[in-house]
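Inside the fold
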Amino acid sequence: MRIVLQRVLKASVAIEKQTKAAIGPGLLLLVGVGPDDTQKDLEYAVRKIINMRIFSDAEGKMNLSVQDIKGSVLSVSQFTLFADTKKGNRPAFTKAAPPDMAEAFYQRFNRELAQFVPVETGVFGADMQVSLVNDGPVTIILDSKK
């Protein structure tokens, strides 16, 4: 799995100009699924996301997790995280999981994450408009294979 975590004050996703989901303080996740991803990758990602200390404490030190701040997560599927840009000028997405596998994995990831923090989602495969107000900004790349 490849996930971009963005610490946000607020974030939302709209489809055809209609807000599908919105959160207050928490994390915006752009979630890419690879063809070799397993339950082990999913569990690793969930554990890291809920425990990563990237929110500021009273002294301004990044020392709190999304659970500690009682934040929420907006999870958006993002196959383009597996873009291969080595050849030519048009990215290839052949390193992303096939859509049927990716959607099932993404849904399972969101269900497991929701056991720990409130989770809102976009719609897999939809043309979505994502809006956010960064907090920091703090942006972190999580790769379950590295």
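Scroll up a little and you will see the structure.
Residues numbered from 1 in each chain as written. Predicted model: local features only at pLDDT ≥ 70, side-chain atom pairs only at ≥ 80, totals over all residues. Heavy atoms only, no water.

1. Quick notes on unusual backbone geometry
Trans peptide bonds make up the majority, and among non-glycine residues the majority have a negative phi. Between Gly 136 and the following residue, Pro 137, the backbone shows a cis peptide bond with an omega angle of -5 degrees. Residue placement: Pro 137 occurs in strand β8 (residues 129-143). Positive phi, normally seen in glycine, also occurs at Glu 16, with a value near 50 degrees. The topology assignment puts Glu 16 in the loop between β1 (2-15) and β2 (18-23). The phi angle at Lys 17 is positive, at roughly 65 degrees, despite the residue not being glycine. (Helix = DSSP H or I, 4+ residues; strand = E, 2+ residues; numbered from the N terminus.)

2. Concerning the side chain of Glu 112
Looking at the element boundaries, Glu 112 is found in helix α2 (residues 99-113). Within the buried set, Glu 112 has no salt-bridge partner at all; the shortest N-O distance to an opposite charge, 4.4 Å, is to Arg 108. The contacts of Glu 112, once residues within four sequence positions are left out, are Gln 39, Leu 42, Glu 43 and Val 46. (Buried < 20%, exposed > 50% of the residue type's maximum accessible area, 1.4 Å probe, protein only. Lys, Arg positive; Asp, Glu negative; His and termini not counted. Salt bridge = Lys/Arg side-chain N within 4 Å of Asp/Glu carboxyl O. Contact = heavy atoms within 4.5 Å.)

3. Concerning the pattern of salt bridges
Considering all chains together, one arrives at five salt bridges under this definition. For Arg 2, the salt bridge is made with Asp 143, and the minimal N-O distance between the two is 3.5 Å. Within this pair, whereas Arg 2 is found in strand β1, its partner Asp 143 is found in strand β8, the two being separated by 141 residues in sequence. A residue is classified by how much of its surface remains accessible, and Asp 143, at 14% relative accessible area, is buried. Note that Asp 84 is salt-bridged to Lys 95, the shortest N-O span being 3.7 Å. Of this pair, Asp 84 sits in the loop between β6 (72-77) and α2 while Lys 95 sits in the loop between β6 and α2, and the two are eleven residues apart along the sequence. Look at Asp 84 and you get partly exposed, because its relative accessible area is 22%. Residue classification places Lys 95 among the partly exposed residues on the basis of a relative accessible area of 47%.

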